[in-house]
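Structural overview
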Amino acid sequence: MLREAIILAGGKAERLGDAAGGLPKSLVPIAGRPLAAWQIALLGRAGVERVIVSCGDGAGKDFAAALLGLGVEVAIAEEPERLGRGGGIRFAAHERRESGDVLALNGDELLDVDFAALLESHRANGASATITVAHPKSPFGVVELESDRVTGFAEGGTIDCWVSCGVYVLGEEAIERLPERGDHEATTFPELASEGRLRGLRHEGIWLTVNTPKDLRVADDYLAENPGWPAGSRG
């Protein structure tokens, strides 16, 4: 397993509004712990020993204080200005102690990706980068029809397409090709895909994004219903 990982934590929690309490999104509490702490716990279970947190200018002390005592070394990479997701990963990658493949993930999600399987797939395919993909949940309820007669209603399921859920293994080639500013999923990844150098791992497990007050409640409810998480998760 990889020893280092990068968490992108530059989000300002604008859509969370007052629910964020003025905190960066990755430090917003879920079930009494900062969101990023849940991610670090998952990474630690998978054998990661050091996590580099890419955060906004001036937020480093808050992250360092909030993420103490998690059993994993936490290093802070404060962006001197907003660099975008790709720029943030590239900037944080300079803080690595080892070259080669590195895990990177968005700091605003609760998920149970099998990191070992992701790395195995990445190396088996000889890819420059491997992304984790999942079926997004539908925000709409389902109307059940027989001809034009409504027979019932159901909660929304998942949308029948694969989307990136923001968890990657990046090799040196991919890191070198990340933009200094901007989004890698709009630049680097399409370029690698056109060259046949990008692979995807399908994820069917938990994937909860935390962007709105409703998302925050859903994540809180999930952890309340699964008090042992992430002990029973994969990875």
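To keep things clear, this report deals only with the structure shown in the data block. These numbers come from a predicted model, not from an experiment.

**Overview of the pattern of salt bridges**
As enumerated under the stated definition, the model contains 16 salt bridges in all. Among the salt bridges present, the one from Arg123 reaches Asp101, with a minimum N-O distance of 3.0 Å. With Arg123 in helix α4 (residues 115–125) and Asp101 in the loop between α3 (84–93) and β6 (102–106), this residue pair connects regions lying 22 residues apart in the sequence. Here Glu173 and Arg177 are joined by a salt bridge, their closest N and O atoms 3.1 Å apart.

**What to know about the packing of aromatic side chains**
One pass over the structure, following the stated rule, counts three aromatic pairs. Between Trp38 and Trp229 the ring centres are 6.1 Å apart and the planes differ by 45°, which places this aromatic pair in the tilted class. Linking Trp38 in helix α1 (residues 35–45) with Trp229 in the segment after α7 (213–225), this pair joins segments that are 191 residues apart in sequence. Accessibility classification places Trp38 together with Trp229 in one group, the buried group. An angle of 75° between the planes, with centres 5.2 Å apart, marks the rings of Tyr168 and Phe189 as edge-to-face. Here Phe189 lies in helix α6 (residues 188–194) and Tyr168 lies in strand β11 (residues 163–170), a separation of 21 residues in the sequence. For the pair formed by Tyr168 and Phe189, the shared burial category is buried. Ring pairs connect the aromatic residues Trp38, Tyr222 and Trp229, which therefore count as one cluster.

**Re the layout of surface pockets**
Put simply, the largest pocket is a space of about 720 Å³. Taken together, 23 residues make up the lining of the largest pocket; nearest its centre are Pro136, Lys137, Ser138, Trp207 and Leu208. Sorting the residues of the lining of the largest pocket by element identifies β13 (207–209) and α7 as the ones contributing at least two each. Residues that form the lining of the largest pocket fall into these classes: eight nonpolar, 10 polar and five charged. Counted as a void, the second largest pocket has a volume near 520 Å³. Ala9, Gly10, Gly11, Lys12 and Arg82 are the residues nearest the centre of the second largest pocket, which is lined by 23 residues in total. Those elements giving two or more residues to the lining of the second largest pocket turn out to be β1 (4–9) and α3. When the residues that make up the lining of the second largest pocket are grouped by side-chain class, the tally is eight nonpolar, seven polar and eight charged.

Scoring rules and cut-offs
Residues numbered from 1 in each chain as written. Predicted model: local features only at pLDDT ≥ 70, side-chain atom pairs only at ≥ 80, totals over all residues. Heavy atoms only, no water. Salt bridge = Lys/Arg side-chain N within 4 Å of Asp/Glu carboxyl O. Helix = DSSP H or I, 4+ residues; strand = E, 2+ residues; numbered from the N terminus. Phe/Tyr/Trp six-rings, centres within 6.5 Å; stacked < 30°, edge-to-face > 60°. Buried < 20%, exposed > 50% of the residue type's maximum accessible area, 1.4 Å probe, protein only. 1 Å grid on protein atoms, 1.4 Å probe; cavity = no way out; pocket = protein on both sides within 12 Å on 5 of 7 lines; lining within 4 Å. Points joined across faces, edges and corners; volume = space filled by probe spheres on them. Nonpolar A, V, L, I, M, F, W, Y, C, P; charged D, E, K, R; others polar.

Purely spatial values, then, with no claim about function.
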